[in-house]
2 protein chains.
Amino acid sequence: MESTTDPTQPGHPVPTRRTARADNARPVADVIRQTIVDGGFDGGLPSDDTLAREFRVSRNTVRAALALLREEGWIDRAPRLGTTVAQRTVDHRLDSLRGLKETLTGYGEVRNTVRVATVLVPPPVVARKLELAADEPVVYLERLRHLDGETISLDLTYLASDIGVALLKQDLETNDVFPLIERVAGRPLGDADLSLTAAAADAHSAATLDIAAGAPILLLERLTRLDDGRPVDLEYIRMRADRITMRGTVSRTHHESENP
Amino acid sequence: MESTTDPTQPGHPVPTRRTARADNARPVADVIRQTIVDGGFDGGLPSDDTLAREFRVSRNTVRAALALLREEGWIDRAPRLGTTVAQRTVDHRLDSLRGLKETLTGYGEVRNTVRVATVLVPPPVVARKLELAADEPVVYLERLRHLDGETISLDLTYLASDIGVALLKQDLETNDVFPLIERVAGRPLGDADLSLTAAAADAHSAATLDIAAGAPILLLERLTRLDDGRPVDLEYIRMRADRITMRGTVSRTHHESENP
């Protein structure tokens, strides 16, 4: 993948020639990282020589790519033992509205440590999103969520109080809130608005999630409505990026192409 | 939001009482950060006193929350001038398949610096995802993408060669590849598989994206198919998390509830 600019390309500025080894290592690291995320390299990674041949790069470029992935925590490297996968992620589907336990079915047991379960008056922004009057109380939950005993996310949840107060009587340690909401509301959930970004975990959140300060996390805001359109559940979720991959399929449908 | 455990909650272990100021500051920071991402606080943030009143927390808790947000780069604080928004993001829709220029319509002008545009034989994993024979060449692009002159993402793209070679003759600096693919293929795109995670930018990628080493980025793998199901475009995209928010709406439809 040491690339040369295509001499057949007419009529456009010659692309900037990359020269740094890091530029050559990046695509190698990206493909190997994604292969790990996809569940590959079960018996360990191929040798540096094999990777160099497969990627058509130098061994030094392979080593630079693997150094990056080791720094990111994806692989271990040891003389004689070779290169092994240090870390796997689980898939969180983006294309249907599911709670963590629902989406991680088959991966292991999800359990929640309920850090806070209380009634409070939320800030005005939260009240507006939940379409509540100012000073109307909500139920506020903080849950640290575990998959097979390992911390994977920290969820802050604001619930409309009629539903939230009923939820406080339910088992919040082994259930997602979604099916509980549907049970106490007596109707299904409809849809949710997602806002997703990446962040470096602050020291205290990192300690709570059992990761290093500054480690990458996914930060999700999710506003969930009942099927009658009423917003009932507003969550702020920190997910460990070393444990969770968001997956979805998106369609070109409904797109107004600029070039019909 | 200094919360007390709800004494009305029967039959469940008493939640762990949070005591750290960071635990109280986190939900305040989350709501303020999201308000900024949503486009709020146009004229600056309210005073610490006002925020303390709105969030029903102490001024010290407000200050701890704002210290976090300043560290993350979202706000500036100055005596007398108060607290102002330092950074805004643009929305990248997750619910339909769009190129960056298509999704950022209305935000400004997207331009691409083409760093590499070449023909190469991809590694076996890439060939498999594109359903190509081993040793079949692809077109490989590296584009640094800018919104109104500011770097926002670095995209590594593998294209099936029949389409890719035709794309090399198109204007890659001002166009997304999606409409170009549709033009040269003579048919619309169908759908794409997304795999999205967060990462801390390595030093060289960070320098390329004009952010600090270790700054949070969104890492997206996207495999895009024509409407006949043929995969033609595999991309590895690094997006600056301080500039791009992923947005979508998901529906509960098709979900098999555990609690019918």
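Scroll up for the structure.
This text gives an overview of the structure that appears in the document. Computed from a predicted model, the values in this text were never measured in an experiment.

### Observations regarding the nonpolar core
No. 1: By size, the foremost hydrophobic cluster in this structure holds 74 residues, and its most contacted members are I181 of chain A together with I181 of chain B.
No. 2: Not counting residues within four places of it along the chain, the set of residues in contact with I181 of chain B comprises L159, I163, L167, G186, L189, L226, V232 and D233 of chain B.

### Observations regarding the sheet that holds strand 3 (residues 90-93) of chain B
No. 1: The eight strands are arranged 4(A)-5(A)-6(A)-9(A)-8(A)-7(A)-10(B)-3(B) in an open sheet whose pairing can be described as mixed. Since the sheet does not close on itself, it has two edges, and those belong to strand 4 (110-120) of chain A together with strand 3 of chain B, each with one partner. Strand-to-strand twist in this sheet, taken as the mean axis angle between neighbours without regard to direction, amounts to 20°.
No. 2: For strand 5 (residues 138-147) of chain A and strand 6 (residues 150-160) of chain A, the ladder comprises ten bridges, and the chain directions are antiparallel. Counted as the bridge partner of V138 of chain A is A160 of chain A from strand 6 of chain A.

### Considering the side chain of T208 of chain B
No. 1: Checked against the element boundaries, T208 of chain B lands in helix 8 (residues 203-209).
No. 2: Reaching out from T208 of chain B, the side chain makes a polar contact with the backbone oxygen of H204 of chain B at a distance of 2.8 Å.
No. 3: Discounting residues that sit within four places of it in the chain, T208 of chain B has contacts with R26 of chain A together with R115, L144, T151 and L154 of chain B.

### A short note on the interface of chain A and chain B
No. 1: Across the contact, 106 residues belong to chain A and 106 residues belong to chain B.
No. 2: Together, the buried faces of chain A and chain B total about 8600 Å²; carbon and sulfur atoms form 53% of this surface.
No. 3: Close ionic contact of R252 of chain A with E182 of chain B constitutes a salt bridge, the shortest N to O distance being 3.0 Å.
No. 4: Where chain A meets chain B, there are 36 residue pairs in polar contact (both at pLDDT 80 or more).
No. 5: It is strand 7 (residues 189-200) of chain A that provides the largest number of residues to the side of chain A that touches chain B, a total of twelve residues.

### Regarding the pattern of salt bridges
No. 1: One pass over the structure, following the stated rule, counts 64 salt bridges over all chains.
No. 2: Among the ionic pairs, R252 of chain B bridges to E102 of chain A, the shortest N-O distance being 2.8 Å. You can see R252 of chain B sitting in the segment after strand 10 (244-251) and its partner E102 of chain A sitting in helix 4 (residues 100-103), one on each of two chains.
No. 3: By relative accessible area, which is 5% here, E102 of chain A ends up buried.
No. 4: One network of salt bridges, with partners in common, ties together R143, R145, D155, D176, R222 and E235 of chain A.

### Here's the deal with helix 3 (residues 59-71) of chain A
Residue and element names in this part refer to chain A.
No. 1: Look at helix 3: 18 Å from first C-alpha to last across 13 residues, which is about the 18 Å you get at 1.5 Å a residue.
No. 2: Among all positions of helix 3, only T61, V62, A65, L66, L68 and L69 are buried. Take helix 3 and look down its axis: the buried residues cluster within an arc of 150°, on one side only.
No. 3: For helix 3, the secondary structure elements touched by its buried residues are helix 1 (21-37), helix 2 (48-55), strand 1 (75-78) and strand 2 (82-85).

Rules used throughout
- Residues numbered from 1 in each chain as written.
- Chains lettered and ligands numbered in written order.
- Predicted model: local features only at pLDDT ≥ 70, side-chain atom pairs only at ≥ 80, totals over all residues.
- Heavy atoms only, no water.
- Core = buried A, V, L, I, M, F, W, Y, C linked by side-chain atoms within 4.5 Å.
- Buried < 20%, exposed > 50% of the residue type's maximum accessible area, 1.4 Å probe, protein only.
- Contact = heavy atoms within 4.5 Å.
- Pairing = 2+ DSSP bridges.
- Helix = DSSP H or I, 4+ residues; strand = E, 2+ residues; numbered from the N terminus.
- Axes fitted to C-alpha atoms, helices over the stretch in contact; angles between N-to-C directions.
- Polar contact = N/O pair within 3.5 Å; in protein donor to acceptor, adjacent residues only side chain to side chain.
- Buried area = accessible area lost by both parts, 1.4 Å probe.
- Salt bridge = Lys/Arg side-chain N within 4 Å of Asp/Glu carboxyl O.
- Expected span 1.5 Å × (residues − 1).
- Arc of directions from axis to C-beta.

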